[in-house]
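# Survey of secondary and tertiary structure
Letter by letter, the chains look like this.
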Amino acid sequence: MFFRKKYPPFWEEYLSHFKNDSKKTFSEIRFVILDTETTGLNIKHDKILSIGAIAVKNESINVADSFECFVKQAIFDKNTVEIHGIRKYDSQKIAEEKAIQDFLKFIKNAVLVGHHINFDIEMLNNSLSKMGVPKLKNILLDTGNLHKKTLLDTTDHHFSLDELIKMYKITPHDRHNALGDAMITAQLFLKITKKLSKNNTLSIAYLKRPAKHIGLI
């Protein structure tokens, strides 16, 4: 007999958003552009310091539909303050489990977008694993891959966010702040998809497809 594993209520609530998920047109899809600030780039050992996210729908950034949280740390490295500006003592900081649960409530079944998003997702999935639940189920899009689809550059170079915001003439306000970087990436996402829409009918299937497969499928 098959027994379904019992998960905590917050995870069951998150999963409920994927039930009866009807097919939407591109303009109807809620995209959530996200960024995390972390103690470093080691996925196994580093920790999430903050999460920032903002929604995009129907080619518009919805500032009112945004999320930001700062996570309490057991060990604090003062050398990282210069990078992200997050200090040791901050009354707004919350426990990691609370931050992840609040983030799940915010994203629901949105399509998640980020620059080099796999790193952010791995950090979030590590936190979920520690909480005894599976990985995120959301569809993921990477602005690095989307930029490749524009064919503005056909090399194998992996563009940093700083390189792309300069290329697309985006003013870098609040850089290295999770919500600020999410806002910048949201602007980048809109500029790239606008460029792609000139010669393509935008769909999730098209945007998910790796850039190197353009023209082969």
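If you look the protein up in an unreviewed UniProt entry, it shows as Exonuclease domain-containing protein from Polaribacter gangjinensis. If you open the UniProt record of the protein and go to Function (unreviewed entry), you find "DNA polymerase III is a complex, multichain enzyme responsible for most of the replicative synthesis in bacteria. The epsilon subunit contain the editing function and is a proofreading 3'-5' exonuclease." Under Subunit (unreviewed entry), UniProt gives the following word-for-word description of the protein: "DNA polymerase III contains a core (composed of alpha, epsilon and theta chains) that associates with a tau subunit. This core dimerizes to form the POLIII' complex. PolIII' associates with the gamma complex (composed of gamma, delta, delta', psi and chi chains) and with the beta chain to form the complete DNA polymerase III complex."

### Quick word on unusual backbone geometry
Phi is positive for Asn-58, close to 55°, though the residue is something other than glycine. Mapped onto the fold, Asn-58 is located in the loop between β2 (48-57) and β3 (60-71). Its identity as a non-glycine residue notwithstanding, Lys-169 has a phi of 55°, on the positive side.

### Some thoughts on empty space enclosed by the protein
The full count for this structure, using the stated rule, is 2 cavities of 30 Å³ or more. Roughly 40 Å³ of volume is contained in the largest cavity. Lining the largest cavity are Phe-26, Phe-31, Val-56, Lys-57, Asn-58, Glu-59, Phe-189, Leu-190 and Thr-193. Mapped by element, the contributors of at least two residues to the lining of the largest cavity are β2 and α7 (178-197).

### A look at α7
The end-to-end C-alpha distance of α7, which contains 20 residues, comes to 28 Å, matching closely the 28 Å that a straight helix rising 1.5 Å per residue would cover. One side-chain oxygen at the N-terminal end of α7 lies 3.0 Å from the backbone nitrogen of Leu-179; it belongs to Asn-177.

About the cut-offs
- Residues numbered from 1 in each chain as written.
- Predicted model: local features only at pLDDT ≥ 70, side-chain atom pairs only at ≥ 80, totals over all residues.
- Heavy atoms only, no water.
- UniProt positions renumbered as here; feature names shortened; annotations may be inferred.
- Helix = DSSP H or I, 4+ residues; strand = E, 2+ residues; numbered from the N terminus.
- 1 Å grid on protein atoms, 1.4 Å probe; cavity = no way out; pocket = protein on both sides within 12 Å on 5 of 7 lines; lining within 4 Å.
- Points joined across faces, edges and corners; volume = space filled by probe spheres on them.
- Expected span 1.5 Å × (residues − 1).
- Polar contact = N/O pair within 3.5 Å; in protein donor to acceptor, adjacent residues only side chain to side chain.

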